[in-house]
Amino acid sequence: MTNKRLTSYTLPYYLWVMLFVIAPLILLLIQSFKNFNGNFTISNYINFFDSWTYIRMTLNSLWIAAIVTAVTLLISYPMAYFLTRLKNRQFWLLLVILPTWVNLLLKTYAFIGLFAQNGSVNNFLAFIGLGRQQLLFTNTSFILVAAYIQIPFMIMPIFNALIDLNPSLVNAARDLGASPWQTLRRVVFPLTWGGVRSGIQAVFIPTLSLFMITRLIGGNKVITLGTAVEEHFLVTQNWGMGSTIGIVLIIAMALTMYVTRDRKKRGDR
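Residues numbered from 1 in each chain as written. Predicted model: local features only at pLDDT ≥ 70, side-chain atom pairs only at ≥ 80, totals over all residues. Heavy atoms only, no water.

Colleague: Go over the overall build of the protein with me, naming the residues and quoting the values.
Modeller: Helix and strand counts for the protein come out as 13 helices and zero strands. Taken from the N to the C terminus, the helices and strands of the protein come in the order α-α-α-α-α-α-α-α-α-α-α-α-α. With the principal axes as the frame, the protein shows a C-alpha extent of 75 × 70 × 35 Å. Sorting the 269 residues of the protein into buried and exposed places 35% on the buried side. Pairs at least 24 residues apart make up 67% of the contacts formed inside the protein by residues separated by at least 6 positions. Taking the 21 positively charged and 7 negatively charged side chains of the protein as two groups, their mean positions are separated by 6 Å. (Helix = DSSP H or I, 4+ residues; strand = E, 2+ residues; numbered from the N terminus. Buried < 20%, exposed > 50% of the residue type's maximum accessible area, 1.4 Å probe, protein only. Contact = heavy atoms within 4.5 Å. Lys, Arg positive; Asp, Glu negative; His and termini not counted. Charge placed at Lys NZ, Arg CZ, Asp CG, Glu CD.)

Colleague: Lay out the packing of aromatic side chains in plain terms, naming residues and giving numbers.
Modeller: Scanning all chains against the criterion turns up 12 aromatic pairs. Seen from their ring centres, F33 and Y45 are 5.0 Å apart, and the 40 degrees between their planes marks the pair as tilted. Of this pair, F33 sits in the loop between helix 1 (2-31) and helix 2 (43-50) while Y45 sits in helix 2, placing them 12 residues apart in sequence. Classification of F33 as partly exposed rests on a relative accessible area of 24%. What links up through ring pairs into an aromatic cluster is the set F33, F40 and Y45. Here the guanidinium or amino end of R261 rests over the ring plane of Y258, the centre of that ring lying 4.0 Å away. (Phe/Tyr/Trp six-rings, centres within 6.5 Å; stacked < 30°, edge-to-face > 60°. Lys NZ or Arg CZ within 6 Å of the ring centre and 35° of its normal.)

Colleague: Hey, could you go over the domain arrangement of the protein for me, with residue numbers and the actual values?
Modeller: Split into domains, the protein comes out as domain 1 (1-33) and domain 2 (42-260). Contact with domain 1, which involves six residues of that partner, is made by 10 residues of domain 2. Counting each side, the surface lost to burial between domain 1 and domain 2 is near 670 Å², with a carbon and sulfur contribution of 73%. For domain 1, the biggest contributors to the area lost against domain 2 are L28, Q31 and S32; these three give 65% of the whole. Scanning the region where domain 1 abuts domain 2 turns up zero salt bridges. (Domains from an automatic or database assignment. Buried area = accessible area lost by both parts, 1.4 Å probe. Salt bridge = Lys/Arg side-chain N within 4 Å of Asp/Glu carboxyl O.)

Colleague: Got a sec to walk through the side chain of T41? Specific residues and values, please.
Modeller: Examined against the element boundaries, T41 turns out to sit in the loop between helix 1 and helix 2. On the basis of relative accessible area, T41 is assigned to the buried category, the value being 16%. A polar contact is formed between the side chain of T41 and the side chain of S43, at a distance of 2.9 Å. (Polar contact = N/O pair within 3.5 Å; in protein donor to acceptor, adjacent residues only side chain to side chain.)

Colleague: Would you mind going over the UniProt feature "domain: ABC transmembrane type-1" (unreviewed entry) in the protein in detail, with residue names and values included?
Modeller: Look at the UniProt record and you will see "domain: ABC transmembrane type-1" (unreviewed entry) annotated at residues 58-260. Strand forms 0% of residues 58-260 and helix 77%; the C-alpha atoms that close the span are 20 Å apart. (UniProt positions renumbered as here; feature names shortened; annotations may be inferred.)

Colleague: Describe the layout of surface pockets, naming the residues involved and giving the relevant values.
Modeller: By volume, the largest pocket amounts to about 200 Å³. Residue lining of the largest pocket: 13 residues in total, with R85, L162, L165, P167 and V170 positioned closest to the centre. With four residues, the single largest contributor to the lining of the largest pocket is helix 8 (residues 167-175). Of the residues contributing to the lining of the largest pocket, the split by class is seven nonpolar, three polar and three charged. (1 Å grid on protein atoms, 1.4 Å probe; cavity = no way out; pocket = protein on both sides within 12 Å on 5 of 7 lines; lining within 4 Å. Points joined across faces, edges and corners; volume = space filled by probe spheres on them. Nonpolar A, V, L, I, M, F, W, Y, C, P; charged D, E, K, R; others polar.)

Colleague: Account for helix 10 (residues 193-208), naming residues and giving values.
Modeller: Counted at 1.5 Å a residue, the expected span for helix 10 with its 16 residues is 22 Å, and the 22 Å between its end C-alpha atoms agrees. Looking only at helix 10, the buried set comprises G195, V196, R197, G199, I200, Q201, V203, F204, I205, T207 and L208. Buried residues along helix 10 sit against helix 3 (52-84), helix 7 (139-164), helix 9 (180-191), helix 12 (225-234) and helix 13 (239-259). (Expected span 1.5 Å × (residues − 1).)

Here you go:
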C-alpha cells in the first residue's frame, strides 16, 4: 500500500523530468549530430575540438565564470556573515534578494545607463577630475554586472549554512584561545563549506551560459559559449553546431557538479 502511494506521488515528478529535462537533452544530442541538410554527421564535434577558436572560447568561458564566482564569493561570504549578526536579519536578507525580483533585462539596461559615456559613473569620474572612461564593452564591466546579478544566489546558501552553525562550536574555539581569524578559518568556514559549495554551483554554472549580458554589457569583446550558441541558432541557423556547443556546456556543468559534490560518505556523517 505504501509503495502504491509513493508511486502515485512520484509519478508526476518522473513525468516532469522525462518531458522537460531528459527529452530536451535527447533532442539536443540528436540535433548535434546533424548538418545543415539534416544528415547524420560527427563533423560538428570534429570542428569544435579541432578549432582553436572554439577551444579558446571554452577556456574564456571557464575563466570568466571562475572570476565571477570568486568575486561573488569574496563579497557574499562577509556579507552573509554580517547579516547573521543583525537583529532583523531576515528583513535585511530580503533586501539583498529583492533585486532578483526585477527582470534581468531591465537590470542590464540600468547598468548600460550607469556605464555609458554620459552615464552616472562617468559623470562622477569627470566631476572628481579623472575624466570619462570607456566602461561599457569591457571584461571588467561584464564581470561586475554578472557578479552583481549572481550575488543573491551565493548569499542565500551561505546565509543558511551560517544560521545552522552550532554557536557552541564557535564559543569552544574561542575558549581554547583561538583568535577571531583562526575561528573563522578553522571552524566557521569548514563547517559552512556546504553552503559555499552550493553557492559556487548556483553561480558558476549559470555564468557559463550567459549570453544576453555578454552582448549588452561586454559587446563583441566578451565572447563565451553562450554567445556562440545564440549566434548559431539565431544568426547562422547552424542548429547542429549550436547543439554541439550546448552539449559541451552541459558536460562542463556536469563536471562542475561532480567536482563540487559532497565527498562525505553517509557513514561518516
